[in-house]
Each structure stands twice: as structure tokens, then as C-alpha cells.
Amino acid sequence: GILVALGTYYIQTRTFSAEVFWASLPLGVLVTAILWINEFLDYNADKSTGKKTLVVRFGRRTAAVLFEFIVLSSYVLLIIGVICHFLPAIMLAGLLSLPFAIQAIRYANKYYSHPAELVPGNAFTVVCFNALGLISVLSYLWFSVKYMYVIPISILGLLFVYSNYKTIQEQRKASWQ
């Protein structure tokens, strides 16, 4: 999240950076989305025991709409960071993770009342975070290290995201049976 990124940067440089803040902001928002969608799974238990989580307070349908807002706001913040020149334009490559975000939103909007069917939506949210984080790191590496290091890191990262995606497919098949 934001505090970890800024804290790590500060420890190493003894300064703060708007670029570090803006680079970590979309990922921090996606962490919020991960926590948010996980609350849907506990909705019935939380409600029956009197826990007033935000999903319980808003209701599942409104919470699904808010989830969509949270996820999409991470991409809006990324674009704003580039437009305002806090981030290099190469960071727009992070938009390549948007299909995972759209899948997560589709699951949340369709299955907000059915926790078992929503599980792949949770997984897509995590994959979205992983993909955006990977692309962000690779975007910075592209300009700061030799290209020969970027290619193997890219391949390993893509294999990681693909592995996440295959896990989602297996979960989806299991939830339909």
C-alpha cells in the first residue's frame, strides 16, 4: 500500500516523493477492493452476529456498486497521475490489467448475493492487483535497468499471473459443480 511504499522510499532516501505516492496509490486502492469483496463472503455471518461491516451497512447490492467504484477509481488515479506528470507515461501500461478488473466487477454485480459463485470475483480482484503491480514494476524496470533483465522478469511475472488465472478457472469450474 501507500504507507509501505512511502516508508520504504523514505528509509532509503530520507525524502518523500510524489511519484512514489502516485505509483502506490492505484495498488493501495486495489488492496481496499480485495478487502471489500472479501466482506461479501461473510455477509450472512456478520449480519446474524450484529457485526456492522460496511457491506452489511450498505447492503450487498449497494456494496457491489461501491466495489465497482473502488476498482475503477484505481485506474482513474493511474491516469490522473500520468496526466499530471507525477508518473511516467509508460505507467499507462497498467491499463493492460483492466480486463481482470472488469471480470471482478462482473462477478460482483452478478453474484453479490451468492457467496459461492462470487469466489472467482475475489480471485479476479487479486489477479488484477498482481497484474497491475507487476506491470508497474516492469514499467519502471524498463527505463532503469538493462533490457536483458526485464525480459526474464517479464516472463516470470506473466507465468505468475497466468497461474493465478488458471486457478480462477479451476475455482469457477468447481463452484459450478
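In the block above lies the structure referred to throughout.
**Student:** I tried to follow unusual backbone geometry on my own but got confused; where do I start?
**Tutor:** In terms of backbone geometry, most residues other than glycine have negative phi values and most peptide bonds are trans. With a phi angle near 60°, Arg14 is a residue other than glycine that sits in the positive phi range. The topology assignment puts Arg14 in the loop between helix H1 (2-13) and helix H2 (18-41). Of note, the phi angle at His85 is positive, near 65°, even though the residue is not glycine. With respect to the helices and strands, the residue His85 is situated in the loop between helix H5 (60-83) and helix H6 (98-111). A residue is classified by how much of its surface remains accessible, and His85, at 70% relative accessible area, is exposed.

**Student:** Would you take a moment to explain the pattern of salt bridges for this structure?
**Tutor:** Oppositely charged side chains can pair when the atoms bearing their charge come close. Enumeration according to the criterion identifies 1 salt bridge in this entry. Between Lys51 and Asp46 there is a salt bridge; the shortest N-O distance is 4.0 Å. Here Lys51 falls in the partly exposed class, since its relative accessible area comes to 48%. We classify Asp46 as buried; its relative accessible area is 7%.

**Student:** So what exactly am I meant to see when it comes to the packing of aromatic side chains here?
**Tutor:** Two numbers describe a pair of aromatic rings. These are the distance of the centres and the angle of the planes. Overall, the coordinates contain 7 aromatic pairs when judged by the stated rule. Seen in terms of ring centroids, Tyr10 and Phe16 are 4.8 Å apart; in terms of plane orientation they differ by 20°. Their pairing is stacked. When the centroid spacing of 5.3 Å and the interplanar angle of 5° are considered together, the rings of Trp22 and Phe86 count as stacked. Here Trp22, found in helix H2, pairs with Phe86, found in the loop between H5 and H6; they are 64 residues apart in sequence, far enough to count as distant. Using a relative accessible area of 14% as the deciding quantity, one classes Trp22 as buried. Members of the aromatic cluster, joined through ring pairs, are Phe100, Tyr107, Tyr111 and Phe124.

**Student:** Please explain the packing of H5 against H6 as it appears in this structure.
**Tutor:** A pair of packed helices is characterised by two quantities: the angle between their axes and the separation of those axes. For the pair H5 and H6, interaxial distance at closest approach is 9 Å and the crossing angle is 170°. With respect to H6, the axis of H5 lies roughly antiparallel. Along the contact surface, H5 presents Arg61, Ala64, Val65, Phe67, Glu68, Val71, Leu72 and Tyr75, while H6 presents Leu98, Ala101, Ala104, Ile105, Ala108 and Asn109.

**Student:** What should I look at first to understand H6 in this one?
**Tutor:** The α-helix winds at 3.6 residues per turn, so residues separated by three or four positions along the chain end up facing the same way. In this model, H6 (14 residues) spans 20 Å end to end at C-alpha, consistent with the 20 Å of a helix rising 1.5 Å per residue. Those residues of H6 that fall on the buried side of the exposure criterion are Phe100, Ala101, Gln103, Ala104, Ile105, Tyr107, Ala108 and Tyr111.

**Student:** Sorry if this is basic, but what is going on with the packing of H1 against H2 here?
**Tutor:** Contact pair H1 / H2: the axes reach a minimum separation of 8 Å and the direction vectors enclose 150°. Classified by the angle their axes make, H1 and H2 are roughly antiparallel. For the element pair H1 and H2, the recorded crossing hand is right-handed. Residues Ile2, Ala5, Leu6 and Tyr9 of H1 pack against Val20, Phe21, Ser24 and Leu25 of H2. Grouping the amino acids of the contact of H1 with H2 by side-chain chemistry returns 7 nonpolar, 1 polar and no charged.

Reading the values: rules and limits
- Residues numbered from 1 in each chain as written.
- Predicted model: local features only at pLDDT ≥ 70, side-chain atom pairs only at ≥ 80, totals over all residues.
- Heavy atoms only, no water.
- Helix = DSSP H or I, 4+ residues; strand = E, 2+ residues; numbered from the N terminus.
- Buried < 20%, exposed > 50% of the residue type's maximum accessible area, 1.4 Å probe, protein only.
- Salt bridge = Lys/Arg side-chain N within 4 Å of Asp/Glu carboxyl O.
- Phe/Tyr/Trp six-rings, centres within 6.5 Å; stacked < 30°, edge-to-face > 60°.
- Axes fitted to C-alpha atoms, helices over the stretch in contact; angles between N-to-C directions.
- Parallel < 35°, antiparallel > 145°, perpendicular 65-115°, else oblique.
- Contact = heavy atoms within 4.5 Å.
- Expected span 1.5 Å × (residues − 1).
- Left-handed = near helix turned anticlockwise from the far one by under 90°.
- Nonpolar A, V, L, I, M, F, W, Y, C, P; charged D, E, K, R; others polar.

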